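Close look at the chain arrangement
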Amino acid sequence: MAWFKREKKGIITSTEDKKEAPDGIWNKCPNCKKPLHYAEQVENKYVCHYCGYHLRIGSKEYFSILFDNNQFTELFNNLRSGDPLQFEDTKKYTDRLKESYAKTGLNDAIRSAHGKIGDQELVIACMDFNFIGGSMGSVVGEKIARSITYCIDNKIPFLMISKSGGARMMEAAFSLMQMAKTSAMLALLSRAKIPYISLLTDPTTGGVTASYAMLGDITISEPGALIGFAGPRVIKETIKKDLPKGFQTAEFVLEHGFLDFIVDRREMKTKLASFLTMMKN
Amino acid sequence: MEISFDFEKPVADLMHQIEKVKQVEDKTKVDMTATVAELETKLQQAKLQVYSNLSGWQKVQISRHPNRPYTLQYIEMMCDDFIELHGDRTVKDDKAIVGGFASINGETVMLIGHQKGTNTKLRQYRNFGMANPEGYRKALRLMKLAEKFNKPVITFIDTPGAYPGLEAEERGQGEAIARNLLEMSVLQVPVLCFVVGEGASGGALGIGVGDRVYMLENTWYSVISPESCSSILWRSWDFKERAADKLKLTSEDMFKNKLIDGIIPEPLGGAHHDPQKMADTIKARITEDLAILRKKEINNLVDERIAKFRGMGVVNEI
């Protein structure tokens, strides 16, 4: 027996009077499952204020968190992917690209911008995981290469925010060679003695880890980020054992000596700004 | 009996026939020379037919043929002298990458390469040519040593990939490969790289940044093996032939896409059909290239090397 009895059956509110809650106003923290309000998320730099979980965000959010007053000049935004191999799996690569352009409003899995943080010049290249899993193809490599040249020409430090599943399979060996290309360009940046900060965010794996992500003058990460060369599933299949708890997390990588420090997103801007000041003085 | 693949059946059959005819000849003492000669001609035709139209997947299979020569065998066939050097000076000696000073026609070079085993026990000992971080760090240590004494670096690539293991992650597989890419791109001596078997992804590129990068005719080089590509894109290994085709991983495709500098022809049927001839071909190319690269001003050489990799990739400006 129910406690309440519905007196009138069905929905009786007319369509005109229907109230809509816009999508995305409320979100659930993927870690602690508590509801997060959009305004709270923005205020907390997209970190869950209950459990400290760092939500996955894109270049738009990182730029707004880091650049002073969210002001910046976007660089090389006119680059889009070619299809050198006419690749086709379950879908044509060109169709996959078109869908991704429409879905994300981005031109590829990376954006680069010049602005100021704490009143100091900085170029940030930031990957977008929404765009084909943040995969690295020719455009990602080319934008990083051009950003590095821009930094050398203008003597501006470079921050790379990685968030990627690795190389983009649809560009096969072209993607592979972006690893060599970006690493070679970083050698030039290093020769010019311009600081390079590599920030690893959830997730950073594969060819990205095995190239520019691991080559920072300082290499840092957000808490809890998955960082590794091979994916956990592949490793598990290879060694045929369960992986230890916390394997391939930022904390694990720090403990093994491959990160300089882990930084909470809410303190990131202050910490980066003070590093840049130290480099200058 | 030679290990042969399905597509080699016409060749294998004829070889078998010749063998039989010869046995009959031995037993009966009847002269079969004419028959043998006829079959030999047929065999030659069959070989040409089979080996001149190989698909991507067939080349992948040849590149993995267990009788193909590996780095140490090439060194034995090519070099007047070789002093193997071990260890990364941090953790251990990786058996999947070998290296040391070698003498080629009297000239000292640093020769580094992946090493696979030749029987089950050795294959395990060499970890199937899958290096751990210490392998890449040993390679880098040796390259730096070569740079110090102004000796050119030559690398032989043949790996199914960098080892995806627990310890490999703990010791920074990604960092080890990344460091090599950066350091090799500015190494102050000529660097020649040869893909002699499998060129799988970062594990191959980790010793593959050079002034000249060559692939032997029947080898492959890509971002992922056809099997793994198939399992990711089609969620099954059954599409490996299609993946091999789509990835454009053969030496011709890689050369056409300007991702390598040249193709080294193999003896008909593959390097394992005539290892010495293969070694001689590679040796000739090394001698020829070093003569050219040695004449270049080292800073120009490094700038050209960086510019070459800088130029790789296809983008559209909109």
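Residues numbered from 1 in each chain as written. Chains lettered and ligands numbered in written order. Predicted model: local features only at pLDDT ≥ 70, side-chain atom pairs only at ≥ 80, totals over all residues. Heavy atoms only, no water.

1. Digging into the overall build of chain A
For chain A, the helix and strand inventory stands at eight helices and ten strands. Taken along its principal axes, the extent of the C-alpha atoms in chain A is 80 × 50 × 45 Å. Counting every position in chain A, which comprises 281 residues, the buried fraction comes to 53%. Across chain A, every contact between residues at least 6 apart in sequence was considered, and the portion connecting residues at least 24 apart equals 67%. (Helix = DSSP H or I, 4+ residues; strand = E, 2+ residues; numbered from the N terminus. Buried < 20%, exposed > 50% of the residue type's maximum accessible area, 1.4 Å probe, protein only. Contact = heavy atoms within 4.5 Å.)

2. A word on the layout of surface pockets
Residues and elements named next belong to chain A. Empty space within the second largest pocket amounts to approximately 290 Å³. Along the walls of the second largest pocket sit 13 residues, with Ile 57, Gly 58, Glu 61, Asp 128 and Asn 130 positioned nearest its centre. For the lining of the second largest pocket, the elements supplying multiple residues, two or more each, are α2 (59-66) and α3 (93-104). Class assignment for the residues of the lining of the second largest pocket results in four nonpolar, three polar and six charged. (1 Å grid on protein atoms, 1.4 Å probe; cavity = no way out; pocket = protein on both sides within 12 Å on 5 of 7 lines; lining within 4 Å. Points joined across faces, edges and corners; volume = space filled by probe spheres on them. Nonpolar A, V, L, I, M, F, W, Y, C, P; charged D, E, K, R; others polar.)

3. A word on the pattern of salt bridges
All names here are of chain B. Summed over the entire model, instances satisfying the criterion amount to 35 salt bridges over all chains. Linking Lys 116 and Asp 158 is a salt bridge whose minimum nitrogen-to-oxygen distance equals 3.0 Å. With Lys 116 in the loop between β3 (107-114) and α5 (120-125) and Asp 158 in strand β4 (residues 153-159), this pair connects stretches of sequence that are 42 residues apart. Exposure class is identical for Lys 116 and Asp 158. Each is buried. Its salt-bridge partner being Lys 116, residue Glu 198 comes within 2.8 Å of it at the nearest N-O pair. Here Glu 198, found in strand β5 (residues 191-200), pairs with Lys 116, found in the loop between β3 and α5; they are 82 residues apart in sequence, far enough to count as distant. When its relative accessible area of 5% is taken as the criterion, Glu 198 is described as buried. (Salt bridge = Lys/Arg side-chain N within 4 Å of Asp/Glu carboxyl O.)

4. Focus on the interface of chain A and chain B
When the parts come together, some accessible area is lost, and that loss is often what is quoted as the size of the interface. The interface is formed by 55 residues belonging to chain A together with 51 residues belonging to chain B. Interface area, chain A with chain B, both sides summed: about 4,700 Å², of which 72% is carbon and sulfur. In terms of surface lost to chain B, no three residues of chain A exceed Met169(A), Met177(A) and Phe229(A), which account for 14% of the buried area on that side. Joining chain A to chain B, the criterion identifies two salt bridges. Of the charged contacts, one joins Arg146(A) and Glu317(B) as a salt bridge, the two residues approaching to 2.7 Å between their closest N and O atoms. Secondary-structure elements contributing two or more residues to the side of chain A that touches chain B are β4 (79-81), α4 (138-154), α5 (172-191) and α6 (232-239) of chain A. The element contributing the most residues to the side of chain A that touches chain B is α5(A), with 17 residues. A breakdown of the residues in the side of chain A that touches chain B according to their chemical character gives 33 nonpolar, 15 polar and seven charged. (Buried area = accessible area lost by both parts, 1.4 Å probe.)

5. Things to note about α5(A)
Residue and element names in this part refer to chain A. The end-to-end C-alpha separation of α5 is 30 Å, in line with the 28 Å expected for 20 residues at 1.5 Å each. Buried residues dominate α5, accounting for 17 of its 20 residues. Lys 193, located one to two residues past α5, shows a positive phi value of around 55°. (Expected span 1.5 Å × (residues − 1).)

6. So, the packing of helix α1 (residues 9-28) of chain B against helix α2 (residues 33-51) of chain B
Residue and element names in this part refer to chain B. Axis separation between α1 and α2 bottoms out at 9 Å; the angle between their running directions is 165°. Considering their axes alone, α1 and α2 lie roughly antiparallel with respect to each other. Our pair here, α1 against α2, has a crossing hand that is left-handed. Of the residues in α2, those touching α1 at Pro 10, Val 11, Leu 14, Met 15, Gln 17, Ile 18, Val 21, Lys 22 and Glu 25 are Thr 33, Thr 35, Val 36, Leu 39, Glu 40, Lys 42, Leu 43, Ala 46, Lys 47, Val 50 and Tyr 51. Taken together, the residues that form the contact of α1 with α2 break down as twelve nonpolar, three polar and five charged. (Axes fitted to C-alpha atoms, helices over the stretch in contact; angles between N-to-C directions. Parallel < 35°, antiparallel > 145°, perpendicular 65-115°, else oblique. Left-handed = near helix turned anticlockwise from the far one by under 90°.)

7. A few points about empty space enclosed by the protein
Under the definition given, this model contains one cavity of 30 Å³ or more. Here the largest cavity defines a volume of roughly 100 Å³. Taken together, 15 residues line the largest cavity, and the ones lying closest to its centre are Met214(A), Gly228(A), Val253(A), Glu169(B) and Gly172(B). Elements with a minimum of two residues in the lining of the largest cavity: α7 (250-255) of chain A together with α7 (166-170) and α8 (173-185) of chain B. At three residues, the largest contribution of residues to the lining of the largest cavity is made by α8(B). Along the lines of polarity and charge, the residues of the lining of the largest cavity split into six nonpolar, six polar and three charged.

8. Concerning the domain arrangement of chain B
Residue and element names in this part refer to chain B. Domains assigned within chain B are domain 1 (6-53) and domain 2 (60-310). Interface area for domain 1 against domain 2, summed over the two sides, is near 500 Å², with a carbon-plus-sulfur share of 72%. By the criterion of area lost to domain 2, the three top residues of domain 1 are Phe 7, Lys 47 and Tyr 51, representing 72% of everything that side buries. In this assembly, domain 1 and domain 2 are joined by zero residue pairs in polar contact (both at pLDDT 80 or more). (Domains from an automatic or database assignment. Polar contact = N/O pair within 3.5 Å; in protein donor to acceptor, adjacent residues only side chain to side chain.)

9. Topic: the UniProt feature "domain: CoA carboxyltransferase N-terminal" (unreviewed entry) in chain A
Mapped onto this numbering, the UniProt entry gives "domain: CoA carboxyltransferase N-terminal" (unreviewed entry) at residues 25-281 of chain A. The distance separating the terminal C-alpha atoms of residues 25-281 of chain A is 44 Å; by composition the span is 35% helix and 20% strand. (UniProt positions renumbered as here; feature names shortened; annotations may be inferred.)

10. Some thoughts on the pairing of strand β2 (residues 97-104) of chain B
As a general feature of sheets, a regular strand has side chains that alternate between the two faces. Residues and elements named next belong to chain B. By the criterion of burial, β2 is predominantly enclosed, with seven of the eight residues buried. The pairing of strand β1 (residues 81-84) with β2 spans four bridges and is classified as antiparallel. Bridge assignment links Ile 83 to a residue of β2, and that residue is Phe 101. Of the strand pairs in this sheet, β2 and β3 are connected by eight bridges, and their pairing is antiparallel. From the neighbouring strand, Val 98 faces β3, where its bridge partner is Gly 113. The turn joining β2 and β3, which pair antiparallel and follow one another in sequence, is formed by two residues; a positive phi near 50° is taken by Asn 105. (Pairing = 2+ DSSP bridges.)

11. Digging into the UniProt feature "zinc finger region: C4-type" (unreviewed entry) in chain A
Feature annotation in UniProt assigns "zinc finger region: C4-type" (unreviewed entry) to the following positions: residues 29-51 of chain A. Within the segment residues 29-51 of chain A, helix and strand shares are 26% and 13% respectively, and the terminal C-alpha atoms sit 9 Å apart.

12. Here we look at the packing of aromatic side chains
Under the criterion given, the structure shown has twelve aromatic pairs over all chains. Ring geometry for Tyr101(A) versus Phe131(A): centroids 5.8 Å apart, planes at 40°, classification tilted. You can see Tyr101(A) sitting in helix α3 and its partner Phe131(A) sitting in the loop between β6 (120-127) and α4, a full 30 residues away along the chain. Of the two residues, Tyr101(A) and Phe131(A), both sit in the buried class. A ring pair is formed by Tyr74(B) and Phe156(B), whose centres lie 5.4 Å apart and whose planes are at 85°; its orientation type is edge-to-face. A residue pair is termed long-range when its members are at least 10 positions apart, and Tyr74(B) in helix α4 (residues 71-78) and Phe156(B) in strand β4 qualify at 82 residues. (Phe/Tyr/Trp six-rings, centres within 6.5 Å; stacked < 30°, edge-to-face > 60°.)

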